[in-house]
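Notes for the structure review
Listed below are the residues making up each chain.
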Amino acid sequence: MKFGILVNEGPYNHQASDSAYRFAKAAIDKGHEIFRVFFYYDGVLNATAHSEPPSDDRNVIKNWQKLAADHKVDLVVCVAAGLRRGIVEASLAPGFRISGLGQLIEAGIQADRMITFGD
Amino acid sequence: MEDDFEAGTVKKFMFVNRKPPYGTVYALEVLEMVLISAAFDQDVHIAFLDDGIYQIKKGQDTKDLGMKNFSPTYRALEGYDIEKLFVERECLEERGLSEDDLLVPVEVISRAEMGKLMAEMDVVLTA
Amino acid sequence: MSTLHTVNKSPFERSNLQACLGHAQNGDSVLLIEDAVFAAIAGNTFAPKLADAAQDIKLFVLGPDLKARGMDPAKVVDGVNIIDYEGFVDLAAASSTIHSWL
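For every chain, the first residue of the written sequence is number 1, and numbering continues from 1 onward in sequence order. Written order determines the labels here, with chains lettered from A and ligands numbered from 1. Where totals are concerned, whole chains, interfaces and linings use all residues; where local detail is concerned, this predicted model gives features only for residues with pLDDT of at least 70, and gives and counts side-chain atom pairs only at 80 or more. Computation of side-chain values covers all heavy atoms of the structure but excludes hydrogens and water.

Considering the sheet that holds strand β3 (residues 58-62) of chain C
All names here are of chain C. Only strands that DSSP links by at least two bridges are regarded as paired with each other. Secondary structure follows DSSP: runs of H or I at least 4 residues long count as helices, runs of E at least 2 residues long count as strands, and numbering of each begins at the N terminus. Spatial strand order, β4-β3-β2-β1-β5: five strands in an open sheet with parallel pairing. Taken across any chain shown, the strands that pair with only one partner, and hence form the sheet edges, are β4 (80-83) and β5 (97-101). If you compare each strand with its neighbour and ignore which way they point, the axes differ by 25° on average. Relative to β3, strand β2 (residues 29-32) is paired through four bridges, and the arrangement is parallel. Looking at the pairing, Leu-32 lines up with Val-61 of β3. Axis lines are fitted to C-alpha atoms, over the contacting stretch for helices. Their N-to-C directions set the angle, which ranges from 0 to 180 degrees.

This is the structure:
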């Protein structure tokens, strides 16, 4: 089954991104496909290349990057929400790409299930 | 299951608004999402419940805040063929509001009807 | 087909859970995650509402979120099932729509 995931919040302030990541990982482990993860609202901050959490904490951004690298998961950051918050091509961690909100609606149409994680 | 999708797929989408405007950015960015959805020819529904009702309260004036008053955009949705706007009656009453306080034509339905309507949706997006 | 509702806030802080239970249909599933797991522990004043809801709705709580917060799985309200992320995925796949109450 194909899942689409919407992440509404940035890393660390909220558990949303962690929960979305755990869900995505469990879905892949069970043989499902993640059609796309779309980052919107402050969720765009999950794509920053400049995050350096303390070494005894999980690295939320790296978790997503590894998922993308290992399983070809499409990580899409909303261009409009990103511009508002200073997330542009130059600030993007590898594995993420910037595109329009249409990619979220398309995920809703193409995925069998769409799930949101937010505040 | 994986091959169900065809170019002409029309799904029932619902954007659920439970948060008021200005205090957080959610209302504005949901509205941006709604506008984009119009380009995909889907069956779009917008639900206003709980404090989401305040998004469409008449008389919003943000001049003193220096923020954009995006409430007129709700009236423009009709031009995008987005006309299925639903408000939950119980939530209006709890807030001492009536349909006359709203800046856009909506269908006022009961909580029970809203629950049934939500159950018909394929995709529910919330913020 | 039925809907999976997820709720992620304590009913003592937000109205999400109340709103969710007010709209969920018979046969739907409600999963408490993140800060909503506190609602699932017996003895809290919201618990009777959950027990009521359990008559028509299938109730679940995410075990890893319970454990992280020091909540005792043995004290979960009767009728609420503890699941892990795998169970979460199964529920999502088995429901036609997922409604995250935020």
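Focus: the packing of aromatic side chains
Between the rings of Phe, Tyr and Trp (Trp by its six-membered ring), a pair exists once the centres lie within 6.5 Å; its type follows the angle of the planes, with under 30 degrees stacked, over 60 edge-to-face, and the other angles tilted. Enumeration over the complete set of coordinates arrives at 15 aromatic pairs over all chains. Between the aromatic rings of Phe-23 of chain A and Phe-88 of chain C, the centroid separation amounts to 4.7 Å while the plane-to-plane angle is 65°, which identifies the pairing as edge-to-face. Here Phe-23 of chain A, found in helix α1 (residues 16-29), pairs with Phe-88 of chain C, found in helix α4 (residues 85-94), and the two come from separate chains. Think of it in three bands: with a 1.4 Å probe and only protein chains considered, a residue is buried below 20% of the maximum accessible area for its type, exposed above 50%, and partly exposed in between. Classification of Phe-88 of chain C as buried rests on a relative accessible area of 0%. On the basis of an interplanar angle of 55° and a centroid distance of 5.4 Å, the ring pair of Tyr-41 of chain A and Tyr-26 of chain B is categorised as tilted. In this pair, Tyr-41 of chain A is assigned in the loop between β2 (33-39) and α2 (60-71) and Tyr-26 of chain B in helix α1 (residues 26-37), connecting two distinct chains. This pair shows no difference in class: Tyr-41 of chain A is buried, exactly as Tyr-26 of chain B is. Of note, Lys-19 of chain B hangs over the ring of Tyr-26 of chain B, and the distance from its end group to the ring centre comes to 4.5 Å. Only when the NZ of Lys or the CZ of Arg is both within 6 Å of the ring centre and within 35 degrees of the ring normal is a charge said to sit over the ring.

Focus on the nonpolar core
Buried residues of nine kinds, namely Ala, Val, Leu, Ile, Met, Phe, Trp, Tyr and Cys, make up a nonpolar core once their side-chain atoms join them within 4.5 Å. Counting 129 residues, the largest nonpolar core has Ile-5, Trp-64 and Phe-96 of chain A, Met-33 of chain B together with Val-30, Leu-32 and Phe-88 of chain C as the members making the most contacts within it. By definition in these notes, contact holds between two residues if any of their heavy atoms fall within 4.5 Å. Dropping the residues within four chain positions of it, Leu-32 of chain C is found in contact with Val-7, Leu-17, Val-37, Ala-39, Ala-40, Leu-50, Phe-60, Val-61 and Leu-62 of chain C.

Quick notes on the pattern of salt bridges
Residues and elements named next belong to chain A. Any carboxyl oxygen of Asp or Glu within 4 Å of a side-chain nitrogen of Lys or Arg constitutes a salt bridge here. Taken as a whole, this structure holds 26 salt bridges over all chains when the rule is applied. Linking Lys-66 and Asp-70 is a salt bridge whose minimum nitrogen-to-oxygen distance equals 2.5 Å. Linking Lys-66 with Asp-70, this pair stays in helix α2, spanning four residues, or about one helical turn. Residue class for Asp-70 comes out partly exposed when judged on its relative accessible area of 44%.

Looking at the side chain of Thr-6 of chain C
Residues and elements named next belong to chain C. If you trace the backbone, Thr-6 turns up in strand β1 (residues 3-7). We call two N or O atoms a polar contact when they sit within 3.5 Å, provided that within protein one can donate a hydrogen and the other can accept it, with sequence-adjacent residues counted only if both atoms are side-chain atoms. In terms of polar contacts, Thr-6 uses its side chain to reach the side chain of Ser-100, at 3.4 Å. In contact with Thr-6, not counting residues within four places along its chain, are Leu-31, Phe-88, Ile-98, His-99, Ser-100 and Trp-101.

Things to note about α1 of chain A
Each residue after the first adds 1.5 Å to the expected span of a helix. Look at α1 of chain A: 20 Å from first C-alpha to last across 14 residues, which is about the 20 Å you get at 1.5 Å a residue. Burial analysis of α1 of chain A places eleven of its 14 residues in the buried class, the great majority of the element. When α1 of chain A is considered as a whole, its buried residues turn out to be Ala-16, Ser-17, Asp-18, Ser-19, Ala-20, Tyr-21, Phe-23, Ala-24, Ala-26, Ala-27 and Ile-28 of chain A. Against β1 (2-7), β2, α2 and β5 (113-117) of chain A together with α4 of chain C lie the buried residues of α1 of chain A. Among the residues trailing α1 of chain A, Gly-31 of chain A stands out with phi positive, at a value near 95°.

Interpretation in functional terms is not warranted from these geometric data alone.
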